[in-house]
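Structural overview
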Amino acid sequence: MQKNETMLTPVYRYVFSVLDESAVTEDRIRQMRVFKSHLRKSACILTETKEIESILDCTIELLERFHESEEIGQDFWNNKLKALQCDSCQSCYHCKKCRIYYWKELGEVLLQKTNDEKKSKTYFPVRSLPDEIQRHLEPSASISTLYLSRIKRDSIGVFRNKFLMLKGMSSSTPAMLNNIFDTNDYVGGGFYLNWNGYGVAIDPGYSFVHNLHHYGLSVLDVQAVIITHEHIDHNNDMRLLDDLHFSAARFDEEKEKTHIIDWYMDEISYAMASVLRTERSGFKEETCRLHRVMAGDSAELKTNELDVTFFPTKHIPKDGTYNYKEHTFGCSFCCKNKVQKKIITYTSDTKYFNGLLEAVKEADMVIANISGIYEDDYMQIKEKSTHLGYGGCYNLIRKCSEKYGRYPRFYFLSEFWNGKSDIRYDIVKCLKRELEEQGITDIRIIPSETGMLYDIEDGSIQCSQCGQYTDEVIVKRPTGLNEKIEVLCRECYF
Ligand SMILES: [Zn+2]
Ligand SMILES: [Zn+2]
Ligand SMILES: [Zn+2]
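Here is a short report on the structure shown in this document. (Residues numbered from 1 in each chain as written. Chains lettered and ligands numbered in written order. Predicted model: local features only at pLDDT ≥ 70, side-chain atom pairs only at ≥ 80, totals over all residues.)

A few words on the nonpolar core. Ranked by size, the top nonpolar core spans 85 residues in total, and within it Phe191, Leu193, Val225, Ile344, Ala368, Cys393 and Leu396 carry the most contacts. Residues within four places of phenylalanine 191 in sequence aside, it is in contact with Phe163, Leu164, Met165, Leu166, Lys167, Ile202, Asp203 and Ile367. Core analysis: the next-biggest nonpolar cluster, separate from the first, contains 16 residues, Met32, Leu62, Ile100 and Tyr102 among them. (Core = buried A, V, L, I, M, F, W, Y, C linked by C-beta atoms within 7 Å. Buried ≥ 20, exposed ≤ 12 C-beta atoms within 10 Å, placed from the backbone. Contact = placed C-beta atoms within 7 Å.)

Shown next, in the form of structure tokens:
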């Protein structure tokens, strides 16, 4: 139905389409009677049945009187109009008012009366829209419907119990590169975890939604969003994700319940979302719940099989001090089922500090955001103050494996800052070599790339070429500038 329509509108339309065709004849009157009996049988009209019947009765009576003589018709019309005016609240489209409009419109068609209601603000569109306008309003033309039908592929099958890297580069680097090379190939992003059908979008930064779609997922595959801090490589796409989700959830008529997203956010992203909610410009209560995460406190994301805990990070220095703002955090995902429990820890952006070891040591796989490297960072003369950098990654991996009996065997390094050149392959290679020199040989380190899939259950990775999951992947050196990094199984590599 269009705006301002009621269940009566289609009936009105039908009446006028009949009357528009020719003069009032017995045939036309019979046609109206048949129409009325059809409506009575029709199951789709429920609450309005009585009202529609009474309107059709009056209409048929008017046509009969009019058919007798115009004068008799005129009298009947006048009396009925008076009765309607007494009955009417005079102020809305949806009750007697629209009947008055209708009645006057009938008067115009049959008795050449002018319908002054037409000029008033309460103009009620009784006549059909022209076809060429109407077709744009049909559900079949709606992009929301097309979007929904496209995203309703059974995508989650492939992603069940997987961790999907959706992150390219950090900050505004991809936007710069896109400008330099006049392309849209460079992306930022985030991560996506699916455990037993429960999907978590992690740090939906610049390009996140684009990447999500590109790899065959949609906003309806997301049950929760985690935002660890307000930098654009972590929350840029929160608005797009929310808005798209609102449309998709709203138009998804097949779902029995509205699809809701739970948002777990750092204080600043939470404040941004809250302002938008207050201003009624996003994050509507119908489709999302907002949670403010205070790192280290008990605000937890818990489902039957997934526990997420949040730990503090040191990422954004307070002005002029060596202290850090307290709202930023990393998180650990404990994925459970009947037979096993796997832990994935995401450091997010943080400098290295010993407290990180606690957060990371239990993990089976760690995603560590390295960012850029500097000479004194690589030489381990001076630690980076806002990110792990080379030295921070080295310390994290080395100390964890030296200090604890159980330590992560799998690291994905992410959020490389490629602002100077593509450092990913060489950095990981050097890091592995250095750790091996220290006797740490049982750890796998992979530079993360969009589209890489990690199997949470058995800790294997998908080969970029054949798609098989394997324990032993070999990282292939990218040849062009910022070309995609591939991880290959032995068969594909040799
Ligand atoms: Zn950051
Ligand atoms: Zn970042
Ligand atoms: Zn392969």
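Structure shown, so let's carry the discussion forward.
Packing of helix 7 (residues 143-151) against helix 12 (residues 238-251) brings their axes to within 9 Å, and their N-to-C directions diverge by 90 degrees. Between helix 7 and helix 12, the crossing angle belongs to the class labelled roughly perpendicular. Facing helix 7, whose interface residues are Ser144, Thr145, Tyr147 and Leu148, helix 12 presents Ser247, Ala248 and Phe251. Here the contact of helix 7 with helix 12 is composed, by residue class, of four nonpolar, three polar and no charged. (Axes fitted to C-alpha atoms, helices over the stretch in contact; angles between N-to-C directions. Helix = DSSP H or I, 4+ residues; strand = E, 2+ residues; numbered from the N terminus. Parallel < 35°, antiparallel > 145°, perpendicular 65-115°, else oblique. Nonpolar A, V, L, I, M, F, W, Y, C, P; charged D, E, K, R; others polar.)

The subject of this paragraph is helix 16 (residues 389-403). The periodicity of an α-helix, 3.6 residues per turn, causes residues three or four positions apart to be oriented the same way. Here helix 16 is 15 residues long and its end C-alpha atoms lie 21 Å apart, about the 21 Å a rise of 1.5 Å per residue gives. The inward-facing, buried residues of helix 16 abut helix 14 (355-360), strand 11 (365-371), helix 15 (375-378), strand 12 (410-416) and helix 17 (424-437). (Expected span 1.5 Å × (residues − 1).)

The subject of this paragraph is the sheet that holds strand 12. If you walk across this open sheet you meet the seven strands as 7-8-9-10-11-12-13, and the pairing is mixed. Taken across any chain shown, the strands that pair with only one partner, and hence form the sheet edges, are strand 7 (301-302) and strand 13 (444-447). Inspection of the sheet shows strand 12 paired to strand 13 by four bridges, in the parallel sense. Within strand 13, the position partnered with tyrosine 411 by the bridge is isoleucine 445. Where helix 16 meets the sheet, it contacts strand 11 and strand 12, and its direction lies at approximately 160 degrees from that of strand 11. Packed on one face of the sheet, helix 17 meets strand 12 and strand 13 and runs near 165 degrees to strand 13. (Pairing = 2+ DSSP bridges.)

Burial of strand 5 (residues 261-265) is extensive: four of the five residues sit out of reach of the surface. Note that strand 4 (residues 224-227) and strand 5 share four bridges and pair parallel. Of the residues in strand 5, the one forming a bridge with isoleucine 226 is tyrosine 264. Alignment of strand 5 against strand 6 (residues 288-292), held across five bridges, turns out to be parallel. Bridge pairing in strand 6 places tryptophan 263 opposite leucine 290.

Bringing the environment of threonine 25 into the picture now. Here threonine 25 lies in the loop between helix 1 (9-21) and helix 2 (26-41). When the C-alpha positions of threonine 25 and leucine 63 are compared, they lie 8.6 Å apart, and in sequence the two are 38 residues distant.

Over its 20 residues, helix 3 (residues 49-68) runs 28 Å from end to end, which matches the ideal 28 Å to within 8%, given 1.5 Å per residue. Considered for burial, the residues of helix 3 that qualify are Ile55, Leu56, Thr59, Leu62, Leu63 and Phe66. The arc that holds the buried residues of helix 3, viewed along the axis, is 120 degrees, so those residues lie on one side. Every exposed residue of helix 3 that faces more than 90 degrees away from the buried side is listed here: Lys50, Ser54, Asp57 and Glu68. (Arc of directions from axis to C-beta.)

Two strands pair when backbone bridges link them, and strand 1 (residues 162-165) and strand 14 (residues 453-455) are joined in this way by three bridges, in the antiparallel orientation. Bridge pairing in strand 14 places leucine 164 opposite leucine 453. Relative to strand 2 (residues 191-195), strand 1 runs antiparallel, the two being bridged by four bridges. Paired with leucine 164 across the strands is tyrosine 192, a residue of strand 2.

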